[in-house]
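Each chain, written out:
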Amino acid sequence: MILSNDTKSKIGEYAKKYPKVKSAILPALHYAYEEQGYLDDSMYEEIAQVLGVKFIEVAEAASFYTMFPKQKRGKYYIQVCRNISCALLGSHHLTQYLLQKLGTKLGETTKDHLFTVVEVECLGSCCSAPMMQVNDKYYENLTLAKVDQLIDEWRAAK
Amino acid sequence: MGDFNITVNGKTVPAVKGQTVLQAALAAGIDIPVFCWHPQLVPVGACRICLVEIEKFPKLQVACATPAADGMVVMTESPKVVKARQGVLEFILAHHPLDCPTCDKGGECDLQDVTFKYGLDYSRLQEPKHRNIVDENSTFDDLQIGPEIIRNQNRCIHCYRCTRIVDEACFEDDLGAYQRGYHTEILPPPHREIRNLYSGNVVEYCPVGALTNDDWRYKVRVWLTKQAKSVCTHCPDGCNLTHWTFHNKIFRATSRPNENIDRGFICDIGRYGYQQVASSDRLKQPMIKKNGELIEATWEEALNLIKTQVSELKSKLSGNAFFGLIGETSTNEEIYSFQRFLRRVIGTSHIDSRINRKRRLTFGEEVTSRAIAPDHVSYQDIDKADTFVVYASDLHSENPITALRIKRGVRYRDAKIIIINSRSTHLGVRTGATNLLHKPGTGLAVLTGIVDAAVSSTTFDKSAVGLSDQQISEFKQAHTELLLPKAAAMSGVGESDLRAVADSLVRSSNVVIFCGADFSRYPYRDEELLALDNLRRICKSAKLAVLPESSNSVGAELLGAYPNQYPGGKGSDAKSKFEDLWRGPLPDFSGKDMIGILEAINEDEIECGFIFNADPVRVFPDGNYADAVLEKLKLLVVVDSFMTETARLADVILPLSTFAETEGTRTNWEGRIQYTQSAIKPMFDSKPGCEILELLADRLGVSFGQGRPSEVYGELNKSLGDVLPVRYEMFKSEGAIYDRPKHQPKPGFNRVAYNAIPSDREYPNFLTVGNADHHRGPNTERNPSLLKFTGDPFVGLSEIDAKELMISDGDLVKVESRTGKVVGNARVIAELPGKVVFLPENFRELRPNLLMGLKEKFDHVKVTKM
C-alpha cells in the first residue's frame, strides 16, 4: 500500500464526476503525484483498483504525460531556466555551479535525497533573469552568492 | 436497399443510417486506403490516410469516422485528396526505416501498397530517423514481447490496431501503447508478456511489419505462396481459416473472416494448430505387426493382410464379432463412408464415435426419448441474447470464439453472464460475470435452487411463462431435498446469490444457456440436462445449447456414427431404404456403444475392429482398461495420422492424411456444414480417409466407386435430401445450416433425481479435467508454437490443499485413484477451490484417464508429495 487511504478516497470521490470512470485516470494520477512526488507501477495498480479500470490503461496514460516524474526526486526540485534571457545572464554557468556544489549530475538526485537539478524551458519570468523554480516557488535575479545562501538554508532545514 | 444514397466519385451509392462514408464506399466496391480502421473496432481516425473530400465541408474528412448522410457528395481520389495522402505518408514515413527487403511483411504490407500508390519517392524531412534501440550491440531492433510475438518498434506507424484488438475485441489487457509521439512503444505491462489466447490476431492485423510471429517469420515470401480455404478442426466453433502453402508445405494459417462465425478473429490454437500436420510422429507408411513389432509395409501388403485376416475371421464368426470407432474430427464424408463400410461390407452395427464418455446412455438416446433436446442455437442467437448462462464449461478454452461473441454482447449490449461451475474460468475475468462457484458435483442443487428461488418469488409471473400453480407445487414436492436453503448449503453457493440469479433470469427477455465439455464428464449428465430444461422453463424466452466436444461431433451424430442410428438420424424403419441404396443386406439395426464394445471384447464376443482417426487408449475414461481390452483383439486395424497410444496396439496401421490434406465438410456446433479445401497433397504415403475406406471396401468385395469426398457427398445429398438440402458445390461459397429436428417440450417441470456425492476418506480430492492454457484436447501438443505457451503437463492444486500437503510450485507429486496413478509437477492455481485437483488432458505423459475407473462413478483421487 503506497497511496494513503485519504488519497484513495479523494480519487474515488472525484471519479463520480465523470460519466465514464476512465476519464478520472488523469486526475487520479495528479492526486497520486501530489502525495508521493512521483509515479510508479505499484501506484498505477492501486489507482486501477480504486477506479475499477485495467492496470494498463493507467500505465499508458501516465507514460503519455512526460511531465509526471516516474522516479523519486529530491525534496527540492530545482528547475533552472535555460532559455534566452536567463542564458544571456549566465544560467548555464549557474547550473554548472549548482551541480558542482551539490556533487550531482543533471537530472539526478543527490545521495541525501534533498536535491534534483534539471534545466527547463522558459518559465515566463524573463524580466528577473536568471531564475529558477524550486518545487512550486520562483527564485529570481539569482547570483552565485544567493544560490549559496539558499542551499545552506535548505540543507539546514532538511 | 439503403436508407438513403450518397455519391462517391460520381457514382450513386446506397448507405444505411449509422454507416460511415468508408463503410458505404467499401460496400459499393470503392476502395479507400486504411491503416487504423478495422470493421470490428470502433473507428479512431488515428492514421489519417482515409482522408476524402466531401462537398460543403471546408476541410478533408476521415472517411472511417464520418457518418454518411443523405445526399453527401464524396470524392476519394481528387487531386486535393491525393496530395493530402502524400503528405500523410510523408509524415508516417518520416521515422519508418523502409527496410522492406528484410521485413517479413513485405508483399502484403498495407503501408507498402499505399506508399506505392500515393507516396512520394523522396522526403523533404532532413531530420535523422528516430530509432528504438533494443540492444546496443545489435543492428536489429527486434524485441520478443510474447512467446510467439516479436516487435520491431521502428516499423510501427502508431495506428493502435493491436492494442485496440487486444482491448476491444479480445477483452484482454496484455498489450498497451506507452509514451507518445515517435517515442510511442507497443509493450505488454511491466514483467508480463503478451500471451492471451487471441494474441496472434495482433500479428495478422498489424498493417506493417512491426508485429510478427516466429511461426511465419523469415521462412517464405508471401507472393510465393498459394492459399487454401480451410476450416479449423480444433473445436466445434468452426472458424474459417486460410492455409498459406509453398511446395506442399503449410507455412501459416490466418483468419478468413466469416461474418456468421468468427468475424475475422481466431484463437491461437487455430492459428498455430496446423503445425501438427508436419509433426514428427506422423505415420508415413502402412505398418504391419510382425512378432510384436510394427514394421513398415506397402499399401498392397497391408490391404492384402487385412483382406485375408478379415475373410478368415468372417468365415468363422458373424459380423457381430467386428466393431468400428471413429474420431469426431473426421469429415462428414469420412464418417458416412466409415459407417457404410462397417454396416454394409463388414456387417456390424457396433459403431461409435463417443469414445470419451463414461456413461452408457448419452445424449440423443436416453434424453431425446424424454423429449428434452437442445434448441437450435446459432451465433446469431448470441447476438440477440441479453443473458447467458454458462454451465459446467470452460468456454474460453473449449470454444474460444463463442466466448468472444458472448463477451462482445457484454460490451455492446450490456448482456449479463452467469457462470455455474465448480472451478473459476477465464470467461469470468473482466466481463462482470456472476460466478456461482459450487462444490464439485453439486451443479444439480444450484440449478434446482435457482428454479425454486424463481417460482417462490412473490413477483414471479407464472402465466407469462405458461406455468400453473399445480406444476409449481408438484415441482416443490418432487424436489424437497434440493429446495432453497438446502440447495445453498449443499452447493456452498449463497442463498442470496441464487435468488439474485433467479431474479435476473426471470427478468431477462432472451436467455441462451450453454453447457460444455465439463458437463459431459459429469456423473449426473442426464439429470443435469433435465434440470437445465427446468431452468429454461422459468425464462420468458430461453434456448439451450449443448456444445459438442469436437469439430465434427454434430456431423458424427447426424451421419450415423452411433450404434442405433442410420445416417440422417434415421431409425430401424429405414433399414430397407439403406439396403437398396447400398445394394446389399445390412446387419441388425441395434449395435453396441463404446462401453458395450469394450465389454464385448473383454468377454471375447468381439475379436476384430477398425479404429479410424481416434485414440481411445488416450481419452477413454479408463485408460488402463481400454489398453488391456484392445490388446486382446485378434485383428485391430488403425487408420490414423499419428502414432497414437492406440496405434501402438494395432496389427495393421494405415496412414491417414490430416485435415490439411483432405477435402471434405464438417459440421460445427450450430449445425453449419462447412467445406474445407485440401491445402496440400497427401504427405508421405498417406491417403485421404474416403480413399482408404473405398480401397478397403473394394478389397473386401464391395465397391461403391466413391473414393472422393464429392462422390460420397453426392450420395449423401441424394439419400438424405430432406436433412441435407445442400449440393456439394454450394459449400464452396458459404456453409449451410442443418436444421435439427425440433422437439415439443412436455408441460411442467422435469423431475430431477439426485444423490449427493459420497465423501471418500481414502481419496479425499475430486478430479477435474480441462485444458491447459493454449491447448485443447489431446492433439494440440503436436504444435510447437502452442508448446511455447504451456509446454509441460502439471498437476493443478488449490492453495489450501498445497498448503496442507506442504507442496509448492514445481514439486513432484503423485496423484492416485483406485484404478491408477500418475506423477507430475505441481502447480498451485489460486482460482481453484479446495479439494479439487485439476489435470490438463493435453499431454500424453500425464493422462488423466489413467485415474478414471470405469466402474467408479466419481473420480476421487489422493495427492502425495514425492
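Residues numbered from 1 in each chain as written. Chains lettered and ligands numbered in written order. Predicted model: local features only at pLDDT ≥ 70, side-chain atom pairs only at ≥ 80, totals over all residues. Heavy atoms only, no water.

(A) Summary view of the overall build of chain A. A count of helices and strands for chain A gives seven helices and four strands. Secondary structure elements in chain A, listed N-terminal to C-terminal, are α-α-α-α-β-α-α-β-β-β-α. Its C-alpha atoms give chain A principal-axis dimensions of about 50 × 30 × 20 Å. A buried classification covers 43% of the 158 residues belonging to chain A. (Helix = DSSP H or I, 4+ residues; strand = E, 2+ residues; numbered from the N terminus. Buried < 20%, exposed > 50% of the residue type's maximum accessible area, 1.4 Å probe, protein only.)

(B) Spotlight on the nonpolar core. All names here are of chain B. Counting residues in hydrophobic clusters, the biggest one holds 104 residues, and the most contacted among them are I6, F35, L111, V202, F388, I417 and F514. With five residues, the single largest contributor to this core is helix α12 (residues 400-413). For F388, the residues in contact, after removing those within four places along its chain, are I382, I406, A415, K416, I417, I418, V512 and F514. (Core = buried A, V, L, I, M, F, W, Y, C linked by side-chain atoms within 4.5 Å. Contact = heavy atoms within 4.5 Å.)

(C) Spatial organisation of the domain arrangement of chain A. Per the domain assignment, the segments of chain A are domain 1 (5-64) and domain 2 (76-157). Measuring from the centre of the C-alpha atoms in domain 1 of chain A to the corresponding centre in domain 2 of chain A gives 31 Å. (Domains from an automatic or database assignment.)

(D) The packing of aromatic side chains, seen in detail. All names here are of chain B. One pass over the structure, following the stated rule, counts 23 aromatic pairs over all chains. Centroid distance Y336 to W582: 6.1 Å. Interplanar angle 70°. Geometry classified as edge-to-face. Of this pair, Y336 sits in helix α8 (residues 332-346) while W582 sits in the loop between α20 (575-581) and α21 (594-602), placing them 246 residues apart in sequence. Among the residues examined, W582 registers a relative accessible area of 2% and is labelled buried. Members of the aromatic cluster, each reached through a chain of ring pairs, are Y336, Y566, F578, W582 and F589. The ring of F704 carries R340 above its face, with NZ or CZ at 3.9 Å from the centroid. (Phe/Tyr/Trp six-rings, centres within 6.5 Å; stacked < 30°, edge-to-face > 60°. Lys NZ or Arg CZ within 6 Å of the ring centre and 35° of its normal.)

(E) How the structure looks around empty space enclosed by the protein. Residue and element names in this part refer to chain B. A full pass over the atoms with the stated rule returns 12 cavities of 30 Å³ or more. Estimated volume of the largest cavity: approximately 800 Å³. T329, S550, N613, P778 and N779 are the residues nearest the centre of the largest cavity, which is lined by 47 residues in total. Contributions of two or more residues to the lining of the largest cavity are made by α17 (517-521) and α22 (616-619). (1 Å grid on protein atoms, 1.4 Å probe; cavity = no way out; pocket = protein on both sides within 12 Å on 5 of 7 lines; lining within 4 Å. Points joined across faces, edges and corners; volume = space filled by probe spheres on them.)

(F) Broad picture of the pattern of salt bridges. Residue and element names in this part refer to chain B. In this structure the tally under the stated criterion is 54 salt bridges over all chains. Of the charged contacts in the structure, one is a salt bridge between D142 and R217, with a shortest N-O distance of 3.0 Å. Within this pair, whereas D142 is found in strand β6 (residues 142-144), its partner R217 is found in the loop between β10 (211-213) and β11 (226-231), the two being separated by 75 residues in sequence. Take D142: its relative accessible area is 24%, and that puts it in the partly exposed class. With a closest N to O distance of 2.6 Å, D503 and R507 form a salt bridge. A residue pair is termed a helical-turn pair when its members lie 3 or 4 positions apart in one helix, as D503 and R507 do in helix α16 (residues 495-507) at four residues. (Salt bridge = Lys/Arg side-chain N within 4 Å of Asp/Glu carboxyl O.)

(G) How the structure looks around the side chain of Q674 of chain B. All names here are of chain B. Topologically, Q674 is positioned in strand β27 (residues 672-676). Overall, the relative accessible area of 4% leaves Q674 in the buried class. A polar contact of 2.9 Å, which involves the side chain of Q674, links it to the side chain of N240. (Polar contact = N/O pair within 3.5 Å; in protein donor to acceptor, adjacent residues only side chain to side chain.)

(H) Molecular detail of the layout of surface pockets. Space inside the largest pocket adds up to approximately 1300 Å³. Lining the largest pocket we find 39 residues, and of these K22, K54, E57 and E60 of chain A together with D167 of chain B sit closest to its centre. Those elements giving two or more residues to the lining of the largest pocket turn out to be α2 (25-36) and α4 (55-64) of chain A together with α4 (161-169) and α12 of chain B. For the lining of the largest pocket, the residue count by class is 17 nonpolar, eight polar and 14 charged. (Nonpolar A, V, L, I, M, F, W, Y, C, P; charged D, E, K, R; others polar.)

(I) Broad picture of α12 of chain B. Residue and element names in this part refer to chain B. Across its 14 residues, α12 extends 20 Å between first and last C-alpha, which sits within 8% of the 20 Å expected from 1.5 Å per residue. Buried residues dominate α12, accounting for 10 of its 14 residues. The set of residues buried in α12 consists of P400, I401, T402, A403, L404, R405, I406, K407, G409 and V410. In this structure, the buried side of α12 is in contact with α4, α10 (379-384), β18 (387-391), α11 (395-398), β19 (416-421) and β21 (511-515). Just downstream of α12 lies D414, where phi reads positive at about 55°. (Expected span 1.5 Å × (residues − 1).)

(J) Examining the domain arrangement of chain B more closely. Each assigned domain of chain B is listed with its residue range as follows: domain 1 (4-94), domain 2 (292-356 + 552-737), domain 3 (366-546) and domain 4 (765-865). With centres defined by C-alpha atoms, the gap from domain 1 of chain B to domain 4 of chain B works out at 54 Å.

(K) Region of the structure containing the sheet that holds strand β7 (residues 149-152) of chain B. Residues and elements named next belong to chain B. The strand order across the open sheet formed by three strands is β6-β7-β10, and the pairing between neighbours is antiparallel. In the strand order of this sheet, the two ends are held by β6 and β10, each with one partner. Adjacent strand axes in the sheet meet at a mean angle of 30°, parallel and antiparallel pairs treated alike. Two strands pair when backbone bridges link them, and β6 and β7 are joined in this way by three bridges, in the antiparallel orientation. (Pairing = 2+ DSSP bridges. Axes fitted to C-alpha atoms, helices over the stretch in contact; angles between N-to-C directions.)

(L) Broad picture of the environment of G319 of chain B. Mapped onto the secondary structure, G319 of chain B falls in the loop between α7 (299-316) and β16 (322-326). Remark: the alpha-carbon pair of G319 of chain B and Y198 of chain B, spanning 121 residues in sequence, is separated by 48 Å.

(M) Geometry of the side chain of T163 of chain B. All names here are of chain B. By secondary structure assignment, the location of T163 is in helix α4. On the accessibility criterion, T163 (9% relative accessible area) is buried. Apart from the residues lying within four places of it in its own chain, the contact partners of T163 are L175, G176, A177 and I186.

(N) Up close: a nonpolar patch on the surface. Residues and elements named next belong to chain A. Judged by side-chain polarity, I84, L88 and L89 come together as a nonpolar surface patch covering roughly 370 Å² of accessible area. Within the fold, L89 resides in the loop between α5 (84-88) and α6 (91-102). When its relative accessible area of 54% is taken as the criterion, L89 is described as exposed. (Patch = residues over 30% accessible without salt bridge, like charges linked within 9 Å, V, L, I, M, F, W, Y side chains within 5 Å. Areas by Shrake-Rupley, 256 points an atom, 1.4 Å probe, with all protein chains shown as cover.)

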